[in-house]
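Listed below are the residues making up each chain.
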Amino acid sequence: GAVVSQHPSWVICKSGTSVKIECRSLDFQATTMFWYRQFPKQSLMLMATSNEGSKATYEQGVEKDKFLINHASLTLSTLTVTSAHPEDSSFYICSATGPGNQPQHFGDGTRLSIL
Amino acid sequence: SQQGEEDPQALSIQEGENATMNCSYKTSINNLQWYRQNSGRGLVHLILIRSNEREKHSGRLRVTLDTSKKSSSLLITASRAADTASYFCAPGDSSYKLIFGSGTRLLVRP
């Protein structure tokens, strides 16, 4: 089946640091990738949708200057949390899908803790 | 895209029993997908049922779709402890975006 790799799986860093999370589709071309955020015992909240080679579309209330998304190739998207603060601590999950109305395939998530 | 609403919020059953969870949505769809999330992990795609299908099977999973009632159900037969997870439905349209609800937290007791 389709595999999506997300890295790192866990990161702890100091307040003010910028953190980059990578999402790779290993065995298919991901024309569209999605970034979600999940707080404990809550559902996934869609942050943004990115299509290869174009700017990401952010959901309402998500700061695009805070959460920089790059989708430069059909197999890689990155999310950079800039100048992270403790309130940015969360579980971030990416997913990827190919052309057509296909299922989304999810990475294993990144647990971000900002001290 | 629209959010599906799963019911019940939580379900606790004994190993070997069947588990049924339901999903309701508001407007017309192209398809509906079910996902599972184990604690601290990403989501795993379980099954996709198209709007012109009424029932679909995959191993111990059975999904039904009633577009007239705007509802779907996921049945897990002969449950196992490893089925313990949260289950989400996601109504799909042409936008590719999926909006997830709160899910059903399933606990299968050994």
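Look above for the structure.
In this text the structure is predicted, and so the values were computed from the model without any measurement.

1. A short note on the overall build of chain B
Moving on, step 1. Scanning chain B from terminus to terminus reveals zero helices and ten strands.
Moving on, step 2. Put simply, chain B runs from its N terminus to its C terminus through helices and strands in the order β-β-β-β-β-β-β-β-β-β.
Moving on, step 3. On C-alpha atoms alone, chain B measures out to a radius of gyration of 13 Å, which is about the 13 Å that the 2.2 N^0.38 rule sets for 110 residues.
Moving on, step 4. Considered along the principal axes of its C-alpha atoms, chain B spans approximately 40 × 30 × 20 Å.
Moving on, step 5. Taking all 110 residues of chain B together, 43% fall into the buried category.
Moving on, step 6. Taking as baseline every contact in chain B between residues at least 6 positions apart, the subset at least 24 positions apart corresponds to 55%.
Moving on, step 7. Total accessible area on chain B stands at roughly 5,300 Å², and carbon and sulfur atoms take up 44% of it.
Moving on, step 8. Where the 14 positive side-chain charges of chain B centre and where its 10 negative ones centre are 3 Å apart.

2. Some words on the nonpolar core
Moving on, step 1. Trp35, Phe67, Leu79, Tyr92 and Leu112 of chain A are the most contacted members of the largest nonpolar core, which totals 24 residues.
Moving on, step 2. At the level of secondary structure, the elements contributing two or more residues to this core comprise β2 (10-13), β3 (19-25), β4 (32-38), β5 (44-51), β7 (67-73), β8 (76-81), β9 (90-97) and β11 (110-114) of chain A.
Moving on, step 3. Not counting the four nearest positions on each side in its chain, Leu79 of chain A is found in contact with Val19, Lys20, Ile21, Trp35, Phe67, Leu68, Ile69 and Tyr92 of chain A.
Moving on, step 4. Membership of the second largest hydrophobic core comes to 21 residues, among which are Ala19, Ile29, Trp34 and Ile49 of chain B.

3. Brief notes about the pattern of salt bridges
Residue and element names in this part refer to chain A.
Moving on, step 1. Taken as a whole and assessed by the stated rule, the structure comprises six salt bridges over all chains.
Moving on, step 2. Here Asp88 makes a salt bridge to Lys66, at a shortest N to O gap of 2.7 Å. Of this pair, Asp88 sits in the loop between β8 and β9 while Lys66 sits in the loop between β6 (57-58) and β7; the two residues are 22 residues apart in sequence, bridging distant segments of the chain. A single burial state applies to Asp88 and to Lys66, both of which are buried.

4. Points about the sheet that holds β7 of chain A
All names here are of chain A.
Moving on, step 1. Strand order in the open sheet formed by four strands is β1-β3-β8-β7, with antiparallel pairing between adjacent strands. Of all the strands in the sheet, the pair left with one neighbour each is β1 (4-7) and β7. On average, adjacent strands in this sheet sit at an angle of 15° to one another, irrespective of strand direction.
Moving on, step 2. As paired elements, β7 and β8 share five bridges and run antiparallel to each other. When the bridges of β8 are listed, Asn70 appears paired with Thr78.

5. Points about the side chain of Gln6 of chain A
Residue and element names in this part refer to chain A.
Moving on, step 1. With respect to the helices and strands, the residue Gln6 is situated in strand β1.
Moving on, step 2. Given a relative accessible area of 9%, Gln6 falls into the buried group.
Moving on, step 3. A distance of 3.1 Å separates a polar atom in the side chain of Gln6 from a polar atom in the side chain of Thr110.
Moving on, step 4. Beyond its immediate sequence surroundings of up to four residues, Gln6 is in contact with Ile21, Glu22, Trp35, Tyr92, Ile93, Cys94, Gly107, Asp108, Gly109 and Thr110.

6. Points about the interface of chain B and chain A
A common measure of how large an interface is: the accessible area buried when the components associate.
Moving on, step 1. Taken together, the contact between chain B and chain A spans 20 residues of the former and 20 residues of the latter.
Moving on, step 2. Remark: the boundary between chain B and chain A carries two salt bridges.
Moving on, step 3. In this structure, Glu59 of chain A engages Lys97 of chain B in a salt bridge whose closest nitrogen and oxygen atoms are separated by 3.0 Å.
Moving on, step 4. The interface formed by chain B and chain A holds six residue pairs in polar contact (both at pLDDT 80 or more) in total.
Moving on, step 5. Looking at the side of chain B that touches chain A, the elements with two or more residues in it are β4 (31-37) and β5 (43-50) of chain B.
Moving on, step 6. Looking at the side of chain B that touches chain A element by element, the count peaks at four residues for β4 of chain B.

Parameters and conventions
Residue positions are given per chain, counted from 1 along the sequence in the order it is written. Written order decides the labels, with chains lettered from A and ligands numbered from 1. Local features in this predicted model are restricted to residues whose pLDDT is 70 or higher, and side-chain atom pairs enter the listing and the counts only when it is 80 or higher, whereas totals over whole chains, interfaces and linings include all residues. Side-chain figures throughout are based on the complete set of non-hydrogen atoms in the structure, without hydrogens or water. Per the convention used, a helix needs a DSSP run of H or I reaching at least four residues, while a strand needs a run of E reaching at least two, with both numbered from the N terminus. Atoms counted for the radius of gyration: C-alpha only. Globule rule: 2.2 Å times residue count to the power 0.38. Here's how the labels work: a residue is buried when its accessible area is under 20% of the maximum for its type, exposed when over 50%, partly exposed in between, all with a 1.4 Å probe on protein chains only. What makes two residues a contact is simply this: any of their non-hydrogen atoms within 4.5 Å. Each accessible area value is a Shrake-Rupley result obtained with a 1.4 Å probe; residue values ignore everything except the protein chains displayed when judging cover. Positive charges come from Lys and Arg, negative ones from Asp and Glu, while His and the chain ends are left out of the count. Charge positions come from single atoms, namely NZ of Lys, CZ of Arg, CG of Asp or CD of Glu. Here, nonpolar core means buried Ala, Val, Leu, Ile, Met, Phe, Trp, Tyr and Cys residues that are tied together by side-chain atoms lying within 4.5 Å of each other. Salt bridge, as used here: a side-chain nitrogen of Lys or Arg that lies within 4 Å of a carboxyl oxygen of Asp or Glu. At least two bridges found by DSSP between two strands is the condition for calling them paired. Between N-to-C directions, angles cover 0 to 180 degrees, with each direction set by a line fitted to C-alpha atoms, over the stretch in contact for helices. Any N or O atom pair separated by 3.5 Å or less is treated as a polar contact, with the protein-specific requirement of one donor-capable and one acceptor-capable atom, and with residues adjacent in sequence counted only for side-chain atom pairs.

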